[in-house]
There are 2 protein chains.
Amino acid sequence: MRDIYVLTEKDLRGCVSLGHDTVAVVEDAFRMLATGKVVMPPILSMDIPDAHGEVDVKTAYIPGFDGFAIKVSPGFFDNPRIGLPSLNGLMILFSAKTGLVEALLLDNGYLTDVRTAAAGAVAARHLAPAEVETAGVLGTGVQARLQVEAAHLVRPFRKVLVWGRDAAKAEACAKDISSRLGIAAEAASAERTVKDSQLVITTTPAREPVLKAAWLHPGLHITAMGSDQAGKNEIEAAALARATIYVCDRISQAEKLGELRSAREAGHLTDVMPPELGEIVSDSRPGRRSQDDITICDLTGTGAQDTAIATFALKAARAAAAGTLIKA
Amino acid sequence: MRDIYVLTEKDLRGCVSLGHDTVAVVEDAFRMLATGKVVMPPILSMDIPDAHGEVDVKTAYIPGFDGFAIKVSPGFFDNPRIGLPSLNGLMILFSAKTGLVEALLLDNGYLTDVRTAAAGAVAARHLAPAEVETAGVLGTGVQARLQVEAAHLVRPFRKVLVWGRDAAKAEACAKDISSRLGIAAEAASAERTVKDSQLVITTTPAREPVLKAAWLHPGLHITAMGSDQAGKNEIEAAALARATIYVCDRISQAEKLGELRSAREAGHLTDVMPPELGEIVSDSRPGRRSQDDITICDLTGTGAQDTAIATFALKAARAAAAGTLIKA
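Residues numbered from 1 in each chain as written. Chains lettered and ligands numbered in written order. Predicted model: local features only at pLDDT ≥ 70, side-chain atom pairs only at ≥ 80, totals over all residues. Heavy atoms only, no water.

**Student:** Honestly, the interface of chain A and chain B in this entry has me stumped. Any pointers?
**Tutor:** Accessible area lost upon the coming together of the parts is a frequently used measure of interface size. The interface is formed by 47 residues belonging to chain A together with 47 residues belonging to chain B. Of the roughly 3600 Å² buried between chain A and chain B on both sides combined, carbon and sulfur atoms contribute 80%. For the interface between chain A and chain B, the tally reads zero salt bridges. Joining chain A to chain B, the criterion identifies four residue pairs in polar contact (both at pLDDT 80 or more). Put simply, the parts of the chain that give the side of chain A that touches chain B at least two residues each are strand 1 (3-8), strand 2 (44-48), strand 3 (53-60), strand 4 (67-76), strand 5 (90-95), strand 6 (101-106) and strand 14 (324-327) of chain A. (Contact = heavy atoms within 4.5 Å. Buried area = accessible area lost by both parts, 1.4 Å probe. Salt bridge = Lys/Arg side-chain N within 4 Å of Asp/Glu carboxyl O. Polar contact = N/O pair within 3.5 Å; in protein donor to acceptor, adjacent residues only side chain to side chain. Helix = DSSP H or I, 4+ residues; strand = E, 2+ residues; numbered from the N terminus.)

**Student:** Would you mind going over the sheet that holds strand 2 (residues 44-48) of chain B with me for this structure?
**Tutor:** Within a sheet, each strand pairs with its neighbour through backbone hydrogen bonds, oriented either parallel or antiparallel. Residue and element names in this part refer to chain B. One open sheet accounts for seven strands, arranged 2-3-4-5-6-1-14; its pairing is mixed. Lying at the two open borders of the sheet, with one neighbouring strand each, are strand 2 and strand 14 (324-327). Neighbour to neighbour, the strand axes of the sheet diverge by 15° on average, direction disregarded. Bridge count for strand 4 (residues 67-76) against strand 5 (residues 90-95) is six bridges, and the pairing is antiparallel. By the bridge assignment, Ile-70 is partnered in strand 5 with Ile-92. (Pairing = 2+ DSSP bridges. Axes fitted to C-alpha atoms, helices over the stretch in contact; angles between N-to-C directions.)

**Student:** Can you walk me through the state of the cysteines in this structure?
**Tutor:** By definition, a disulfide links the sulfur atoms of two cysteines through a covalent bond. Per the stated rule, a full pass over the model turns up zero disulfides over all chains. Not part of a disulfide, Cys-297 of chain B finds its nearest cysteine sulfur in Cys-248 of chain B, a span of 7.7 Å. (Disulfide = S-S within 2.5 Å.)

**Student:** What is the right way to look at the relation of the copies chain A and chain B in this model?
**Tutor:** Between chain A and chain B, the superposition needs a rotation of 179° and an axial shift of 0.0 Å, giving an RMSD of 0.1 Å. These values place the two chain copies in the arrangement generated by a two-fold rotation axis. Closest approach to the rotation axis within chain A is made by the C-alpha atom of Leu-44 of chain A, at a distance of 3.0 Å. A high fraction, 100%, of the interface residues of chain A reappear at the interface in chain B, so the copies pair face to face through one surface. (Least-squares fit on C-alpha atoms with pLDDT ≥ 70 in both.)

**Student:** Looking at this model, I keep getting lost on unusual backbone geometry. Mind explaining?
**Tutor:** What is expected of a backbone is that most residues other than glycine have negative phi and most peptide bonds are trans. All names here are of chain A. Even without being glycine, His-52 reaches a positive phi, approximately 50°. Among the residues examined, His-52 registers a relative accessible area of 44% and is labelled partly exposed. Not every positive phi belongs to a glycine, and Asp-283 is a case in point at roughly 60°. Inspection of the secondary structure puts Asp-283 in the loop between helix 10 (277-281) and strand 13 (295-298). (Buried < 20%, exposed > 50% of the residue type's maximum accessible area, 1.4 Å probe, protein only.)

**Student:** Please explain the packing of aromatic side chains as it appears in this structure.
**Tutor:** The geometry of an aromatic ring pair is captured by the separation of the ring centres together with the interplanar angle, meaning the angle of the planes. Residue and element names in this part refer to chain A. Under the criterion given, the structure shown has four aromatic pairs over all chains. A ring pair is formed by Phe-68 and Phe-94, whose centres lie 5.2 Å apart and whose planes are at 15°; its orientation type is stacked. Of the two residues, Phe-68 sits in strand 4 while Phe-94 sits in strand 5, which places them 26 residues apart along the sequence. Phe-68 sits in the buried class, given a relative accessible area of 0%. (Phe/Tyr/Trp six-rings, centres within 6.5 Å; stacked < 30°, edge-to-face > 60°.)

**Student:** Before we go on, may I ask you to explain the pairing of strand 7 (residues 134-138) of chain B in this structure?
**Tutor:** Remember that side chains alternate between the two faces of the sheet whenever the strand is regular. Residue and element names in this part refer to chain B. Most of strand 7 sits inside the fold, with five of its five residues counted as buried. Here strand 7 shows two buried faces, one formed by Thr-134, Gly-136 and Leu-138 and the other by Ala-135 and Val-137. As paired strands, strand 7 and strand 8 (residues 159-163) are joined by five bridges and run parallel to one another. Across the sheet, residue Thr-134 finds its bridge partner in strand 8, namely Lys-159. For the segment spanning strand 7, helix 4 (residues 142-154) and strand 8, crossover handedness is right-handed. Summarising the sheet, strand 7 and strand 10 (residues 199-202) pair through four bridges and their orientation is parallel. Across the sheet, residue Leu-138 finds its bridge partner in strand 10, namely Thr-202. (Right-handed = clockwise from strand over helix to strand, strands pointing away.)

**Student:** How do you make sense of the sheet that holds strand 7 (residues 134-138) of chain A when you look at a structure like this?
**Tutor:** All names here are of chain A. With parallel pairing, seven strands are arranged side by side in an open sheet as 9-8-7-10-11-13-12. Whereas interior strands pair on both sides, the edge strands pair on one side only; in this sheet they are strand 9 (184-187) and strand 12 (245-248). This sheet shows a mean twist of 15° between the axes of neighbouring strands, independent of strand direction. In this structure, strand 8 (residues 159-163) lies alongside strand 9, joined through four bridges in parallel fashion. Following the sheet pairing, Leu-161 is matched in strand 9 by Glu-186. Here helix 4 (residues 142-154) sits on the sheet and contacts strand 7, strand 8 and strand 10 (199-202); the angle it forms with strand 10, its principal contact strand, is near 150°. The sheet contacts of helix 5 (residues 167-181) involve strand 8 and strand 9, and relative to strand 9 the element is tilted by about 175°.

**Student:** Can you walk me through the packing of helix 3 (residues 110-127) of chain B against helix 4 of chain B in this structure?
**Tutor:** Residue and element names in this part refer to chain B. Running from N to C, helix 3 and helix 4 point in directions that differ by 40°, and their axes come no closer than 8 Å. Taken together, helix 3 and helix 4 sit at an angle that is classed as oblique. Crossing of helix 3 over helix 4 shows right-handed handedness. Here Asp-113, Thr-116, Ala-117, Gly-120, Ala-121, Ala-124 and Arg-125 of helix 3 lie close against helix 4, whose contacting residues are Val-142, Gln-143, Leu-146, Gln-147, Ala-150 and Val-154. (Parallel < 35°, antiparallel > 145°, perpendicular 65-115°, else oblique. Left-handed = near helix turned anticlockwise from the far one by under 90°.)

**Student:** What is the right way to look at the pattern of salt bridges in this model?
**Tutor:** Pairing is possible between side chains of opposite charge, provided their charged atoms come close. One pass over the full model with this rule turns up 38 salt bridges over all chains. Taking the shortest distance from any N to any O, the salt bridge between Glu-265 of chain A and Arg-261 of chain A comes out at 3.0 Å. Pair noted here: Glu-265 of chain A and Arg-261 of chain A are both in helix 9 (residues 259-265), with a separation of four residues, about one helical turn. Between Asp-78 of chain B and Arg-81 of chain B there is a salt bridge, with the nearest N and O atoms lying 3.5 Å from each other.

As structure tokens, then:
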């Protein structure tokens, strides 16, 4: 008989949050990804057409981490009609030494939110210009708020611009960001948001570009994290070609699910092997070289981040004596 | 807040066992597989070389089943050195309507044992000759015992022959089978086991054939369930060519992981599309036509079986008020 931790979303919200500690562990995961010793199989994906649903499974083994996570993310897009969220999911943490189940993290996607935002902080730390006065975000959802908060951890900007297709949601998002970070935030057009910011995050489910190449300007960094499926596209293809440097989290994913896919379909970046974020983090390939560079980082989300955050969460839960122990 | 069932191996052993009910639900899964409406993605597989480990993830959506399972099966082959089993794992059952987690089945592989044996019963029911006097098994592990028991549910033979590389283990296995089923069972050579039986099950981890083509005889049915990885091979390639009919659980898996792989490498069955077990079960393709046919059924294990047994297990656990409820 062994003890298995069962941690609910409430347990996890009590002991894991976006901060320097979670950013550090996700940064470690990216650093390890660049060593080539991480094992990260392609995402398992299954459609459930009868219920307008899908389910994705991600995993990765990172040498040096005590455990590896398997994350299951169902998306059932008719759920809101019956008052349930579309996205759910859980992570299972296994010992990397024995394969035994150590913890069931019933996070309903919370840990994914945190590790996704943390990756944005890692991208901003290593690619954004040293001085950021204004940050902009295209999108008004949970990640819009979290990504701005994450970027603020590493670039303490003083103003935020928010654009959304729905003006009321953009206003509400700006208000939330302002009260959370204690800085000015306001809704703006997409064009002004990009032109007036030194750091921009795109967090939309767009299938047609919402960020135009013409709006790029010297000294801009963009983190694009909305695209995580073939068919999604937030940034005009020409923008990727115009950037001084284009970086992605994982080429094998970005070329299928990220901005790289749509850029290549438009004939850009077809014969280059872009750097991965882990290579920038570990200084094995150069990132920004001058204040005037234009940088784009394309994040699709990796199993390595899941393993990192799940390992962190179990340690935090143990320290806080959170959760339920099951004898199994 | 919702209730999630957490069921341990002990809970599950208390309410799910190999029997006509579990065979029926696995048979339903095979029947559905043949309709073409089952969604069953390729197995996600990850090696963890540092720990001599691997982990496989299987899933399938079966229309008409309330839930779908995701099964995670770690195999860490250094575990016995520290007194732990090599194989472990769990299943997660999700609602097929909403994608919400319904149950965590911490079965340590028990449900896999049951559904694997149940598939053997389905194969025997639809392919073995009507009269089986003697059944044979090559292999002496848990599945050797369970497969014989499963076959006995559908073909109540009176004698069992057991072969294993380790004679003492073969004796012990024969003794267990005899006391469990109340019939004669004895250890024998591999050749005699095959020649004297009308129904043979192979349940070894062999990488070189243990069942020779020369031993085949009219009226024999073989269920080969040991091969579930590229590199495994229990049956001499020529035997597959010599059989009247070769059937597998899923061509896409058998050609990579099963006996079909090694047979094709040897130049047999290269230009045929063998029937799948579900097609035999649903009468869409013919199985055994006469008592003298030689039939071989190659089972690699499918996500559809996992979804079937997990759905069954949750119903059984609810009826027995077994397990722990977590509010999540």
